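What follows is the residue order along each chain.
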Amino acid sequence: MTAAPRPMPAYRLTTGKGPPVIFLPGYASDMEGAKALALEAWAKAAGRTFVRFDYAGCGQSEGLFEDQTLTGWRDDALAILDLFGEPAILIGSSMGGWIALMIARDHPEKVAALVGIAAAADFTDWGFSMEEKMKLLQDGRIERPSPYSDQPTVFTSRFWQSGEASRMTAAAIPIFCPVRLIHGLGDRDVPAERTMHLIQMIKSADIQATLIKDGDHRLSRDSDIALLIRTVESL
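Residues numbered from 1 in each chain as written. Predicted model: local features only at pLDDT ≥ 70, side-chain atom pairs only at ≥ 80, totals over all residues. Heavy atoms only, no water.

Colleague: I tried to follow the sheet that holds strand β5 (residues 111-117) on my own but got confused; where do I start?
Modeller: Strand pairing within a sheet occurs via backbone hydrogen bonds; the two strands may be parallel or antiparallel. Judged by pairing direction, the sheet is mixed, and its seven strands sit side by side in the order β1-β3-β2-β4-β5-β8-β9 without closing on themselves. Pairing within the sheet leaves two strands with one partner each, and these edge strands are β1 (11-14) and β9 (207-212). On average, each strand axis in the sheet is inclined to that of its neighbour by 15°, with strand direction left out of account. In this sheet, strand β3 (residues 48-53) lies alongside strand β2 (residues 17-24) in parallel orientation, the contact comprising four bridges. Bridge assignment links Lys 17 to a residue of β3, and that residue is Arg 48. Sitting on the sheet, helix α8 (residues 222-234) touches β2, β4 (88-93), β5, β8 (179-184) and β9, and the angle it makes with β8 is about 170°. (Pairing = 2+ DSSP bridges. Helix = DSSP H or I, 4+ residues; strand = E, 2+ residues; numbered from the N terminus. Axes fitted to C-alpha atoms, helices over the stretch in contact; angles between N-to-C directions. Contact = heavy atoms within 4.5 Å.)

Dropping the structure here:
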């Protein structure tokens, strides 16, 4: 018995010229974030093609959040990519950076360039304490207080196991497109060392990292967003 196809994610398309620019949100985030909306405003002003979207179970997309997995959300991003007949520039924030890296590695024909904002590749490995990992396996879920919401952030064993099966930074990563990584040194969620590790692992010769000394995890200040837009324009 084959599984039912995933419903198409909710998305907002700005039609213009140039390679499509696609924003991949972070964990438990949606397409209404400051970076996604700022990029959309830039795309409209510049006449560029841009898409922001919600993973299944997030924002305006169908599905239950606790039923989702990392690879399911990767498939949502691939469904958005399939809207276009040309390679896209992927902009991945936090977990979205991990998904963008997976797609660039496995579907190089779909990716013209990649921008990672505090790219959280393999965070199911280094982002959880041993106590949290045990609780995930025993109870099936954990909750963490969120600095961004009055509701706790939920992680499930289903998502965690999918992430563990998708780890990619233990060996060289065969990505050869241009890669730009942006990271705040004040990031308390994803250590900046993760970006430095990615630089070592990704095979592309065209890779650059920008470190922002007073930047936090979200990098949503006006100056951070201006840097992001300049980075996309340079690609």
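Colleague: Help me understand the packing of helix α2 (residues 70-81) against helix α3 (residues 95-106), please; the structure alone is not making it clear to me.
Modeller: Relative orientation and spacing of two packed helices are given, respectively, by the angle between their axes and the distance between those axes. α3 packs onto α2 with a crossing angle of 65° between their chain directions and a minimal axis gap of 10 Å. As judged from the angle between their axes, α2 and α3 are roughly perpendicular. Judged by the twist between their axes, the crossing of α2 over α3 is right-handed. In this structure, α2 uses Leu 70, Thr 71, Trp 73, Arg 74, Ala 77, Leu 78 and Leu 81 to contact α3, whose residues at the interface are Met 95, Trp 98, Ile 99, Met 102 and Ile 103. (Parallel < 35°, antiparallel > 145°, perpendicular 65-115°, else oblique. Left-handed = near helix turned anticlockwise from the far one by under 90°.)

Colleague: How do you make sense of α2 when you look at a structure like this?
Modeller: For an α-helix, 3.6 residues make a turn, and residues three or four places apart therefore share a direction. Over its twelve residues, α2 extends 17 Å from the first C-alpha to the last, a length consistent with the 16 Å expected when each residue adds 1.5 Å. Within α2, the full set of buried residues consists of Leu 70, Gly 72, Trp 73, Asp 76, Ala 77, Leu 78, Ile 80 and Leu 81. Among the structural elements, β1, β2, β3, β4, α3 and α6 (157-164) are those in contact with the buried residues of α2. (Expected span 1.5 Å × (residues − 1). Buried < 20%, exposed > 50% of the residue type's maximum accessible area, 1.4 Å probe, protein only.)

Colleague: Is there a simple way to think about the packing of α2 against α6 in this case?
Modeller: Interaxial distance between α2 and α6 falls to 7 Å at its minimum, and their mutual angle equals 75°. With respect to α6, the element α2 is oriented roughly perpendicular. Facing α2, whose interface residues are Leu 70, Thr 71 and Trp 73, α6 presents Phe 159, Ser 162 and Gly 163. Residues of the contact of α2 with α6, tallied by class, amount to three nonpolar, three polar and no charged. (Nonpolar A, V, L, I, M, F, W, Y, C, P; charged D, E, K, R; others polar.)

Colleague: Would you explain the side chain of Thr 153 in this entry?
Modeller: Inspection of the secondary structure assignment puts Thr 153 in strand β7 (residues 153-156). Overall, Thr 153 belongs to the buried group, its relative accessible area being 18%. Once residues lying within four places of it in the same chain are set aside, the contact partners of Thr 153 are Tyr 27, Ile 142, Glu 143, Arg 144 and Ser 146.

Colleague: I'm lost on the environment of Gln 60 in this one. Help?
Modeller: One can find Gln 60 in the loop between β3 and α2. Placed 28 residues apart in sequence, Gln 60 and Glu 32 show a C-alpha to C-alpha distance of 9.9 Å. Leaving out residues up to four positions away in the same chain, Gln 60 has contacts with Ala 10, Arg 12, Met 31, Glu 32 and Asp 54. Within the structure, Gln 60 has its side chain in polar contact with the side chain of Arg 12 (distance 2.5 Å). (Polar contact = N/O pair within 3.5 Å; in protein donor to acceptor, adjacent residues only side chain to side chain.)

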